[in-house]
Structure formats: structure tokens, C-alpha cells
Amino acid sequence: MTLLAAWVGMDCKKDGDKISSIYFASDSRFSWNAYSHYDEGVKVFCSLKYPYIFGYCGDVLFPLHSLERIIYKIDSDLLFPPNIASFNDKLEIIKNEIESSLHNYPPLPQDFSIICACRESYYDFHLGKIWSSGKIVKCKELPLHLEEGSHIVYCDGSGKNDFDKVVTALAKDKNPNEGTSRFYYHCIAKTIRDHSSPTVGGVPQLVGLYRKGNGLFFGIIEHGKRYVLGKELKFHPNCLQIQWRNCNFERINPETMILKDGAQAQPF
């Protein structure tokens, strides 16, 4: 399966805590059995034209190609009618798109779960889940509770138990980064690196939404190499146009492979 986690970043304001960001992170492994796997599988997606991000776990092939098509339709203004404003209405449209494709698809080897987040205004973030049960597809909006500090809002997949153990262990150590986005990303990276599940592996991949702008995918620095959505990438001048993170969520210059000018080191 996979490890898929979502968390929100929080800002403390005089009028109460506000969501400032939402991230989806996953591993990069497609597995067929305990001995056969592929560690460059794409599991998270973002629209580069609108503020939407997606991730999935469970069955691989069907949600992978479905989400690719959905992203193309969103970016081409072919999925949502012009008068659709509600997130629930959009979620239902996405669900119907997936369900209609599933009716024409052979029986799935296993069910899948898809999460979708969007931002409708500066503080107005939403999270939804779409999942299958045989040929039936359901959807619902998931709550985004306002809490003190960043916090997990969704976690699923075969790596969930290992991830929960890592989060608990680091929290018991009174980690100074607890309640931050870097804490949860570090837990994702550590789970993938330190646990030996045959269905979780590769390098982390990350997408996100901020209060402004469209969906973002992040470059990842692991093992002294650059990766984008699970695939190693040699340096290219345009690498400087996207954001890069290492396992501690530090901002990295992809050319020098060290902290970006002005970036703060984050001890773990």
C-alpha cells in the first residue's frame, strides 16, 4: 500500500488560531509482494493553475490514472461548472468522475482512498476523502479542527502504524519541533528510512497549499541527491524555481545542496 499523511500548519493570531498551510506527504513505493517493488511511484499530485492537491493509498493503477486526468481537467477548466462554489459540490463532482470511470474498469485488486484539499479564500481551507468499496465510490468532507500548533488531519496506508509510533516516540522526548510542519515531515522521512515495511519505501514526496498561490510540489533532498515526486533529478537551472526540503524540512539550495541563504537550521 503506502504511507500517506496530511497535516495543517497553524498561525497564532490575536483573533484565534488560523490555518496557514496544508501538506500531503507520502512514500514512493509501488509493491507487488514482499520481494517485488518500484520506488519511483507518484502518489501525490497538485494543480499548478488552481489551489488543489491530491493523494491516494490502497490500489495504485486506478487512482493514479484517474487523478492525472482530473488534474488535467481542472487545469483546463473542464471539470467544474462556472457557478460551482461549494467545496462539497466540487468534491461530489470529483467523486462522480471517479465512479463513472470505475464502472468501466475491471474489478480492483484492493480498494483505494483519495484525499483532496483546496483553498477557497485566504483562511478557508478544506479537506475531503473519496474512497471505494467494490464498485461503489463515496465521499465526505473531513474536519479541519483549529488547534494550537500544526497537527495531523489524516493518515492512512500500511505505514500508518509505524508512522504513529515515530510520532509518539519523538513527542515523548519533548521534541522542541513538536507542533510544527517540520516535525511531521521529519516523522514521515524517518518512518520511510528506519522501518522495514515491504510496502513502504523510496524517498518522501510532498505537495502543499499556502494562503496564496496554487498547488505546490516540493523538491526533496535525500542521501545527498535531488528528487521530485520520488524520481532522482540531476541539477537543472530551473530547479531554483521550486522549493526544496531535506528530512528536517529545512529550506535547501538545490545547486549547492546546503541551507538556502537566510534559511534557519532546524535541529533534530
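What counts, and at which threshold
Residues numbered from 1 in each chain as written. Predicted model: local features only at pLDDT ≥ 70, side-chain atom pairs only at ≥ 80, totals over all residues. Heavy atoms only, no water. Helix = DSSP H or I, 4+ residues; strand = E, 2+ residues; numbered from the N terminus. Rg over C-alpha atoms; globule rule 2.2 N^0.38 Å. Contact = heavy atoms within 4.5 Å. Areas by Shrake-Rupley, 256 points an atom, 1.4 Å probe, with all protein chains shown as cover. Lys, Arg positive; Asp, Glu negative; His and termini not counted. Charge placed at Lys NZ, Arg CZ, Asp CG, Glu CD. Phe/Tyr/Trp six-rings, centres within 6.5 Å; stacked < 30°, edge-to-face > 60°. Buried < 20%, exposed > 50% of the residue type's maximum accessible area, 1.4 Å probe, protein only. Lys NZ or Arg CZ within 6 Å of the ring centre and 35° of its normal. Pairing = 2+ DSSP bridges.

A. Inspection of the overall build of the protein at higher detail. Within the protein, the regular secondary structure consists of 4 helices and 16 strands. Against the 2.2 N^0.38 benchmark of 18 Å for 268 residues, the protein shows a C-alpha radius of gyration of 18 Å, consistent with a compact globule. Counting only C-alpha atoms, the protein reaches 50 × 50 × 40 Å along its principal axes. Sequence-distant contacts, at least 24 apart, represent 62% of the contacts inside the protein between residues at least 6 apart. Here the protein has roughly 12800 Å² of accessible surface; of this, 51% comes from carbon and sulfur atoms. A distance of 2 Å separates the average location of the 31 positive side-chain charges in the protein from that of its 31 negative side-chain charges.

B. Broad picture of the packing of aromatic side chains. Here the structure, examined in full by the defined rule, presents 14 aromatic pairs. A centroid spacing of 6.1 Å and a plane angle of 50 degrees characterise the contact between F30 and Y38, whose relative ring orientation is tilted. Ring geometry for F62 and Y105: centres 5.0 Å apart, planes at 65 degrees, overall edge-to-face. With F62 in helix α1 (residues 61-75) and Y105 in the loop between α2 (87-103) and β7 (112-119), the pair connects residues that are 43 residues apart, well separated along the chain. A relative accessible area of 1% means that F62 is categorised as buried. In textbook terms, an aromatic cluster arises when at least three aromatic residues are bridged by ring pairs, as seen for W7, Y23, F183, Y184, Y185, Y210, F218 and F249. When the ring centre of W131 is taken as origin, the NZ or CZ atom of K129, which lies over that ring, is 5.4 Å away.

C. Region of the structure containing the pairing of strand β1 (residues 4-11). The buried fraction of β1 amounts to 7 of the 8 residues, a majority that puts the element mostly inside the structure. Strand direction decides the pairing type here: β1 and strand β2 (residues 18-26), joined by 8 bridges, are antiparallel. Counted as the bridge partner of A5 is A25 from β2. The pairing of β1 with strand β10 (residues 151-156) spans 5 bridges and is antiparallel. Counted as the bridge partner of W7 is I152 from β10.

D. Looking closely at unusual backbone geometry. Positive phi, normally seen in glycine, also occurs at L229, with a value near 50 degrees. Mapped onto the elements, L229 comes out in the loop between β14 (225-228) and β15 (231-232). Here M257, not a glycine, exhibits a phi torsion of approximately 65 degrees, which is positive. Looking at where M257 falls in the secondary structure, it is placed in the segment after β16 (244-245).

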